[in-house]
Amino acid sequence: MGKQLHDNICEEHIFSSLFNKHAKDLHNFLYYKFGDLLNPKDKVQEAFIKLWENCAKISPEKAKSFVFTTANNLMLNEAAHQKVVLKHQQTKPKTYTNENPEFLMQETEYNDKLQKALSNLTDAQREAFMMNRVEGKRFKEIAEILEISTKAVEKRIYGALEKLRKDIKEL
């Protein structure tokens with residue numbers, strides 16, 4: 001009878017613990033994979049809503065896989081939808097700006113270089129760098145999350161910074 005109690009994620013406390021355990025990791029996964037433009041926070045919520053709607057069919061062991069797969073699919077669908085929206089958009093771009101055209105061009109070039117440089121980092125470097133610089137986590141926290149030593153975190157972040165400096169040359 002005790003086992004049946006844990007097999008039902010429809011119970012609020014079990015569902016709540018699943019949400020608390022996986023929501024932040026799921027958001028970070030979506031953010032690192034797709035960026036912020038497709039609203040990863042919304043997709044996390046939608047994935048957990050779908051989990052709640054299908055709670056009777058899904059065991060707790062498969063819940064994490066379900067929400068990650070569902071959220072990933074939601075993001076892919078949103079990306080495809082955005083492509084269609086952009087294709088059919090007939091709005092005229094604004095023809096004026098308060099910014100100096102040279103500044104706008106430099107800003108665009110810098111952002112392009114930064115995105116390219118970030119994509120050139122190894123997965124390990126990018127993950128540690130983003131946790132440190134974007135999320136503001138300390139080396140010790142990153143080491144605990146990634147289950148590696150603090151020295152390894154330092155090396156990854158230092159390597160990422162060196163590579164970014166080399167690729168961008170303006171940092």
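Just so it is clear, the structure is predicted and the values come from calculations on it, not from any experiment. (Residues numbered from 1 in each chain as written. Predicted model: local features only at pLDDT ≥ 70, side-chain atom pairs only at ≥ 80, totals over all residues. Heavy atoms only, no water.)

Moving on, we come to the nonpolar core. One finds Ile9, Leu26, Leu30, Val44, Phe48, Leu51 and Val67 to be the most contacted residues of the largest nonpolar core, which totals 19 residues. For this core, the secondary-structure elements that each account for two or more residues are helix 2 (12-34), helix 3 (40-53) and helix 4 (60-88). Broken down by element, the residue count for this core peaks at six residues, all from helix 2. Non-local contacts of Ile9, meaning those with residues more than four positions away in its chain, are made with Ile14, Phe15, Leu18, Leu51, Trp52, Cys55, Ile58, Pro60 and Ala63. Counting residues in hydrophobic clusters, the runner-up holds 16 residues, among them Met131, Leu146, Leu164 and Ile168. (Core = buried A, V, L, I, M, F, W, Y, C linked by side-chain atoms within 4.5 Å. Buried < 20%, exposed > 50% of the residue type's maximum accessible area, 1.4 Å probe, protein only. Helix = DSSP H or I, 4+ residues; strand = E, 2+ residues; numbered from the N terminus. Contact = heavy atoms within 4.5 Å.)

The sites that carry the UniProt feature "domain: RNA polymerase sigma-70 region" (unreviewed entry) are, in the present numbering, residues 18-82. Its end C-alpha atoms 30 Å apart, residues 18-82 is made of 83% helix and 0% strand. (UniProt positions renumbered as here; feature names shortened; annotations may be inferred.)

Within the chain, residue pLDDT values average 84, and 90% of them lie at 70 or more. Here helix 1 (residues 2-6) stands out as the element of the chain with the lowest mean pLDDT, 44, in contrast to helix 3, whose mean of 92 is the highest. Per-residue pLDDT stays below 50 along residues 1-5; that stretch engages in two contacts with residues further than four places along the chain or on separate chains. (pLDDT = per-residue confidence, 0-100.)

Moving on to helix 3. The end-to-end C-alpha distance of helix 3, which contains 14 residues, comes to 20 Å, matching closely the 20 Å that a straight helix rising 1.5 Å per residue would cover. Listed as buried for helix 3 are Pro40, Lys43, Val44, Ala47, Phe48 and Leu51. Down the axis, helix 3 shows its buried residues gathered within 135° of arc, on one side only. Summarising the geometry of helix 3, the exposed residues directed more than 90 degrees from the buried face are Lys41 and Glu53. On its buried face, helix 3 is in contact with helix 2 and helix 4. (Expected span 1.5 Å × (residues − 1). Arc of directions from axis to C-beta.)

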